[in-house]
Amino acid sequence: MDSTRPFEIAECQQAAKGLKSSWQDMAGSEALIRALVAERNGDSPLALFWTEVHRALCQEHKGF
């Protein structure tokens, strides 16, 4: 993810699928950890991307 350009919702959904396949039920936690690390490193756009990935994961569980 290049944090110097705006991200697309489709990129968030794709990242959510990737995290879900790797981290299963911990995917949301991983997305939030990545957002925290990005923010701590001063990369707010990347932190926003990972929070949107977390939101996409939450939307996926909303149907249950």
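All of these numbers come straight from a predicted model, not from anything done at the bench.

S.K.: Before we move on, could you go through unusual backbone geometry and cite the residues and values that matter?
M.R.: If you check the backbone angles, glutamine 24 has positive phi at about 45 degrees while not being a glycine. Its place among the elements puts glutamine 24 in the loop between helix H1 (9-23) and helix H2 (27-40). With relative accessibility at 46%, the residue glutamine 24 sits in the partly exposed group.

S.K.: Explain the side chain of glutamate 30 to me, and be specific about the residues and the numbers.
M.R.: The residue glutamate 30 is located in helix H2 in this model. By relative accessible area, glutamate 30 is classed as buried at 13%. Not counting residues up to four positions away in its chain, the partners in contact with glutamate 30 are Leu19 and Trp23.

S.K.: Residues and numbers for the confidence of the model for the chain, please.
M.R.: For the chain, per-residue confidence averages 89 on the pLDDT scale, and residues scoring 70 or more make up 89% of the total. When pLDDT is averaged over each helix and strand of the chain, the minimum, 91, is found for helix H3 (residues 44-62) and the maximum, 98, for H2.

Cut-offs used in this document
Residues numbered from 1 in each chain as written. Predicted model: local features only at pLDDT ≥ 70, side-chain atom pairs only at ≥ 80, totals over all residues. Heavy atoms only, no water. Helix = DSSP H or I, 4+ residues; strand = E, 2+ residues; numbered from the N terminus. Buried < 20%, exposed > 50% of the residue type's maximum accessible area, 1.4 Å probe, protein only. Contact = heavy atoms within 4.5 Å. pLDDT = per-residue confidence, 0-100.

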